[in-house]
Amino acid sequence: MSRWHWCTCLAMEHGEFCCSGNSHVKPLMQIIDDKGAFHGRVGAEASLSTGSRAADMMAVFRITDFR
């Protein structure tokens, strides 16, 4: 999903063939059940600063139709 978003949505917004920017929080995995039904997405984000470790950011998130 991140590659699709990177090479379609982000690139088109900038008039590029493939995005030269940062995908940031876009890398997501789809949640699919045993019958092939889509139930949402889950992802992880890590932004490591080149300056201060205090500026590092890490997160795990989900967007689902169940709890």
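Residues numbered from 1 in each chain as written. Predicted model: local features only at pLDDT ≥ 70, side-chain atom pairs only at ≥ 80, totals over all residues. Heavy atoms only, no water.

Considerations on the overall build of the chain
Here is step 1: Helix and strand counts for the chain come out as 1 helix and 3 strands.
Here is step 2: Starting at the N terminus and ending at the C terminus, the chain contains elements arranged as α-β-β-β.
Here is step 3: Within the chain, the proportion of its 67 residues that are buried is 13%.
Here is step 4: The contacts in the chain between residues at least 6 apart in sequence include a share of 21% that link residues at least 24 apart.
Here is step 5: Total accessible area on the chain stands at roughly 5400 Å², and carbon and sulfur atoms take up 59% of it. (Helix = DSSP H or I, 4+ residues; strand = E, 2+ residues; numbered from the N terminus. Buried < 20%, exposed > 50% of the residue type's maximum accessible area, 1.4 Å probe, protein only. Contact = heavy atoms within 4.5 Å. Areas by Shrake-Rupley, 256 points an atom, 1.4 Å probe, with all protein chains shown as cover.)

A few points about the pairing of strand 3 (residues 57–64)
Here is step 1: Little of strand 3 sits inside the fold, with 0 of its 8 residues counted as buried.
Here is step 2: With 8 bridges joining them, strand 2 (residues 38–47) and strand 3 adopt antiparallel strand pairing. Directly across from valine 42, in strand 3, lies its bridge partner arginine 62. (Pairing = 2+ DSSP bridges.)

Topic: the environment of methionine 58
Here is step 1: Position of methionine 58 relative to the elements: it lies in strand 3.
Here is step 2: Between the C-alpha atoms of methionine 58 and alanine 46, which are 12 residues apart in sequence, the distance is 4.4 Å.
Here is step 3: Excluding residues that lie within four positions of it along the chain, methionine 58 makes contacts with Glu45 and Ala46.

Re the sheet that holds strand 2
Here is step 1: Strand order in the open sheet formed by 3 strands is 1-2-3, and the pairing between neighbours is antiparallel. Sheet topology places strand 1 (28–32) and strand 3 at the edges, where each strand pairs with a single neighbour. Neighbouring strand axes in the sheet, compared pairwise and without regard to direction, differ in orientation by 15° on average. (Axes fitted to C-alpha atoms, helices over the stretch in contact; angles between N-to-C directions.)

A short note on the confidence of the model for the chain
Here is step 1: Averaged over all residues, the pLDDT of the chain equals 77, while 78% of them reach at least 70.
Here is step 2: Within the chain, the element-level pLDDT minimum falls on helix 1 (residues 2–13), averaging 68, and the maximum on strand 1, averaging 86. (pLDDT = per-residue confidence, 0-100.)

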